[in-house]
Amino acid sequence: MGRSPRTIRDQLSIALGLTGLLVLTIQFLMAPTHTIAGVNYADAWRVVMSAVGLALIVGGTRLRLRGAPRAHPAAVRRLAEPSS
């Protein structure tokens, strides 16, 4: 039983959003186990992690609101009519 493209799109958008949220908060969640001599090593790449997290959330939101990308009509070739 196959899933519809809409179901797959919804699942993908939720996964992207949740992953982005995790990437944005991981430095705070892992601080207790990644702090050595007062330095939070989980917060080493703050700018990069923030950019990736925001990109994932924006991508998931855009996918949810706009829908899955569609093939350009010129890129779709029609099948030849069967000969009788």
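Since we're looking at a predicted model, the values are computed, not measured.

Novice: Looking at this structure, I do not really get helix α1 (residues 5-29). What am I missing?
Specialist: At 3.6 residues per turn, the α-helix brings residues three or four places apart onto the same side. A rise of 1.5 Å per residue sets the reference length of α1, with its 25 residues, at 36 Å; its end C-alpha atoms lie 34 Å apart and thus fit the reference within 8%. By the burial criterion, the buried members of α1 are Arg9, Asp10, Ser13, Gly20, Val23 and Gln27. Those residues of α1 that are buried are in contact with β2 (39-40) and α2 (46-66).

Novice: Could you clarify how one ought to interpret the side chain of Gln27 in this entry?
Specialist: Positionally, Gln27 belongs in helix α1. According to the relative accessible area criterion, Gln27 is buried, its value standing at 8%. Setting aside residues up to four positions removed in sequence, Gln27 forms contacts with Asn40, Ala42, Asp43 and Arg46.

Novice: In this structure, what is going on with the packing of α1 against α2? I would like to understand it.
Specialist: Each pair of packed helices can be summarised by the angle the axes make with each other and by the distance between the axes. Relative orientation of the contacting elements α1 and α2 amounts to 160 degrees, with a least axis distance of 8 Å. Judged by the angle between their axes, α1 and α2 are roughly antiparallel. The interaxial crossing formed by α1 with α2 has left-handed handedness. Class assignment for the residues of the contact of α1 with α2 results in twelve nonpolar, nine polar and five charged.

Rules and cut-offs
- Residues numbered from 1 in each chain as written.
- Predicted model: local features only at pLDDT ≥ 70, side-chain atom pairs only at ≥ 80, totals over all residues.
- Heavy atoms only, no water.
- Helix = DSSP H or I, 4+ residues; strand = E, 2+ residues; numbered from the N terminus.
- Expected span 1.5 Å × (residues − 1).
- Buried < 20%, exposed > 50% of the residue type's maximum accessible area, 1.4 Å probe, protein only.
- Contact = heavy atoms within 4.5 Å.
- Axes fitted to C-alpha atoms, helices over the stretch in contact; angles between N-to-C directions.
- Parallel < 35°, antiparallel > 145°, perpendicular 65-115°, else oblique.
- Left-handed = near helix turned anticlockwise from the far one by under 90°.
- Nonpolar A, V, L, I, M, F, W, Y, C, P; charged D, E, K, R; others polar.

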